[in-house]
Amino acid sequence: MNKTMNKVIAFAGSNSRTSINKQLATYAASLVDNKESLILDLNDFNLPLYGMDYETKNGIPEAAHDFLNHIRNADGIILSLAEHNGAYATVFKNLFDWMSRIEGKTFLGKPMLLMATSPGGRGGQSVLSIAKDRFPYHDANIVETFSLPFFGNNFDNGFITDTALNEDLLHKVDVFKKEL
């Protein structure tokens, strides 16, 4: 595409105030130099649990429209998914469900760096697999994926401390930047 990028949004598929995935997304966003990065927090988009009965009675909550507008106004997406029992965290799945009621092609073809981390050795591989399979149906343009295993051992003070893992992420961020 090689156009000048205005904005990248970065967020974690988590509502934990100390989310390790938000820390990873924030770090990755900091590597996209000379671009505006907006770090979103799912706690700022309070949504009721999705249900057709709720939607019929009350319509789609404004917070779902607001989040989707951030995607619309972005040139790229950095998303790091929390893994709960091998799948998306409920807060992310709920947001995803609400946004898909507004726009089925939720990710609007925006270049995406899709990531996950966890305290364990698989680094969120199960949720990444689910997302890589599902997101393209919602017009996700996943240009790279990254998994950070053993978060507590490999991340400190806002940075990846393992040289090989950090180099891997730097390479993937470069690929992502070229797609913006």
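The coordinates are above.
Along each chain, residue indices are assigned from 1 in the same order as the chain's sequence is written. In keeping with the model being predicted, local features are shown solely for residues with a pLDDT of at least 70 and side-chain atom pairs are shown and tallied solely at 80 or more, while totals for entire chains, interfaces and linings include all residues. Remark: hydrogens and water are excluded; side-chain values derive from all non-hydrogen atoms of the structure.

### Thoughts on the overall build of the chain
Regarding its fold elements, the chain presents 7 helices and 9 strands. For the radius of gyration, the atoms used are the C-alpha atoms, and the globule rule reads 2.2 Å times the number of residues raised to 0.38. For 180 residues, the compact-globule estimate of 2.2 N^0.38 gives 16 Å, and the chain sits close to it at 16 Å. With the C-alpha coordinates aligned to their principal axes, the bounding extent of the chain is approximately 55 × 40 × 25 Å. Counting all 180 residues of the chain, 47% fall into the buried class. A 1.4 Å probe and the Shrake-Rupley method give the accessible areas. Residues count as covered only by the protein chains that appear here. Accessible surface for the chain amounts to roughly 8700 Å². Of this, 45% is attributable to carbon and sulfur atoms. Note on charges: Lys and Arg go in the positive column, Asp and Glu in the negative column, and His and the chain ends are not counted at all. Here the site of a charge means NZ on Lys, CZ on Arg, CG on Asp, or CD on Glu. Each charge class in the chain was averaged separately, 17 positive and 21 negative side chains, and the resulting centres sit 4 Å apart. For the purposes of this entry, the term helix denotes a DSSP run of H or I that reaches at least four residues, the term strand denotes a run of E that reaches at least two, and both are numbered from the N terminus. For every residue, the accessible area (1.4 Å probe, protein chains only) is compared with the maximum for its type, and the residue is labelled buried under 20%, exposed over 50%, or partly exposed between those bounds.

### A word on the packing of aromatic side chains
Working definition: a ring pair exists when centres of Phe, Tyr or Trp rings (six-membered ring for Trp) sit within 6.5 Å. Plane angles under 30 degrees give stacked, over 60 give edge-to-face, the rest tilted. If you walk through the whole model with that rule in mind, you get 15 aromatic pairs. Note on Tyr-50 and Trp-98: the rings are 4.8 Å apart at their centroids and 80° apart in plane angle, and the pair reads as edge-to-face. Of this pair, Tyr-50 sits in the loop between strand S2 (36-40) and helix H2 (52-58) while Trp-98 sits in helix H4 (residues 90-102); the two residues are 48 residues apart in sequence, bridging distant segments of the chain. Accessibility expressed as a relative area gives 0% for Trp-98, which makes it buried. Here the aromatic rings of Phe-151 and Phe-155 are separated by 4.7 Å at their centres, their planes lie at 20°, and the arrangement is stacked. For Phe-155, a relative accessible area of 6% translates into the label buried.

### Concerning the side chain of Asn-94
Within the fold, Asn-94 resides in helix H4. A residue is classified by how much of its surface remains accessible, and Asn-94, at 9% relative accessible area, is buried. Polar contacts involving the side chain of Asn-94 include one to the main-chain carbonyl oxygen of Pro-48, which spans 3.0 Å. Residue contacts for Asn-94: discarding those within four places in its chain leaves Leu-47, Pro-48, Leu-49 and Tyr-50. Polar contacts here mean pairs of N or O atoms no more than 3.5 Å apart (in protein, one a potential hydrogen donor and the other a potential acceptor; neighbouring residues in sequence count only if both atoms are side-chain atoms). By definition, residues are in contact when any of their heavy atoms lie within 4.5 Å.

### Observations concerning the packing of helix H1 (residues 20-30) against helix H7 (residues 163-179)
A pair of packed helices is captured by two measures, namely the crossing angle of their axes and the spacing between those axes. In this description, a line fitted to the C-alpha atoms serves as the axis of each element, helices being fitted only across the stretch in contact, and the angle between N-to-C directions of two axes falls anywhere from 0 to 180 degrees. One way to put it is that H1 packs onto H7 with a least axis distance of 10 Å and a crossing angle of 60°. One element, H1, and the other, H7, form an angle in the oblique class. Read as a crossing pair, H1 and H7 show a hand that is right-handed. Contacts between H1 and H7 involve Leu-24, Tyr-27 and Ala-28 from the former and Asn-166, Leu-169 and Val-173 from the latter. Here the angle decides the label: under 35 degrees means roughly parallel, over 145 means roughly antiparallel, 65 to 115 means roughly perpendicular, and every other value means oblique. By the definition used in this description, the sense in which the near helix is turned from the far one sets the handedness, with an anticlockwise turn below a right angle giving left-handed and a clockwise turn giving right-handed.

### Focus on the pattern of salt bridges
Every case where a carboxyl oxygen of Asp or Glu lies within 4 Å of a side-chain nitrogen of Lys or Arg is listed as a salt bridge. The final tally for this structure, using the stated rule, is 7 salt bridges. Of the charged contacts in the structure, one is a salt bridge between Asp-33 and Lys-177, with a shortest N-O distance of 2.8 Å. Remark: Lys-177 occurs in helix H7 and Asp-33 occurs in the loop between H1 and S2; sequence separation between them is 144 residues. For Asp-33, a relative accessible area of 40% puts it in the partly exposed group. Look at Lys-177 and you get partly exposed, because its relative accessible area is 25%. Within this structure, Arg-17, Lys-22 and Asp-41 form a network of salt bridges that share partners.

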